[in-house]
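Below, each chain spelled out in residue letters.
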Amino acid sequence: MGERDERDGLSADTPRSASAFGPEFPVAFGAPMALAPGCAMGERELRQILDATSEGVYCSDAAGRIVFMNAPGARLLGYDAAKLSGADAHSTFHHHTADGAPYAACDCPIHQTLTDGRSRRVDSETFFRKDGTSIPVEYSAAPLYGASGEVAGCVVCFHDITDRRRTEEERRALLAR
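Below or above, wherever it landed, is the structure these notes cover. (Residues numbered from 1 in each chain as written. Predicted model: local features only at pLDDT ≥ 70, side-chain atom pairs only at ≥ 80, totals over all residues. Heavy atoms only, no water.)

Overview of the pattern of salt bridges
Next, step 1: Enumeration over the complete set of coordinates arrives at 7 salt bridges.
Next, step 2: In this structure, E45 engages R44 in a salt bridge whose closest nitrogen and oxygen atoms are separated by 4.0 Å.
Next, step 3: A salt bridge links D61 to R65, with the nearest nitrogen and oxygen atoms 2.9 Å apart.
Next, step 4: Relative accessible area serves as the criterion here: at 18%, D61 is assigned to the buried category.
Next, step 5: Residue class for R65 comes out partly exposed when judged on its relative accessible area of 41%. (Salt bridge = Lys/Arg side-chain N within 4 Å of Asp/Glu carboxyl O. Buried < 20%, exposed > 50% of the residue type's maximum accessible area, 1.4 Å probe, protein only.)

See the structure below:
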């Protein structure tokens, strides 16, 4: 439970910049991506794929400002995805802990990914919807690297774990009898 460092299977000295994948790899939405010889994917196709998933997915720049959020993520949080562009992710929906205590960005694993470039998986956090209600989430955060190897942002995949938490609590209650 909690935070877990997730290496991506590459050695520490493996370059993780977009340029390591070839010149067609997209650094920003809208750039074509070579998937296989003769097959290219543009922004529209990439958005369709990300919107088809049940996971919330957002990308931020190095300062933690939202660059993109897919439709399922925006719906889960009660926002219009287009209106989130440029918003600080932490102060928008990750600003407090489950018990209501303020959550400093420097303590946030997503912020830490932006700082140290290490991927993380967390299964015990809380995001807040636009209406102020809390939602327990599990997420993974992975750094995005710029052409010169610097952390240029991160991608976060998240989902609601309300049902799982409820099932775990029911199980604990049954076992306690």
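The rest of the description comes next.
Regarding the nonpolar core
Nonpolar side chains in soluble globular proteins generally cluster together in the buried interior.
Next, step 1: In terms of nonpolar packing, the biggest core is built from 23 residues, with Y58, M69, F93, I110, F127, Y139 and V156 touching the most fellow members.
Next, step 2: Among the elements that take part in this core, strand β7 (residues 134-145) stands out by supplying 5 residues, more than any other.
Next, step 3: One finds L50, V57, F68 and V155 within the second-largest nonpolar core, a separate group that totals 5 residues. (Core = buried A, V, L, I, M, F, W, Y, C linked by side-chain atoms within 4.5 Å. Helix = DSSP H or I, 4+ residues; strand = E, 2+ residues; numbered from the N terminus.)

So far we have only geometry, and geometry alone does not tell us how the molecule works.
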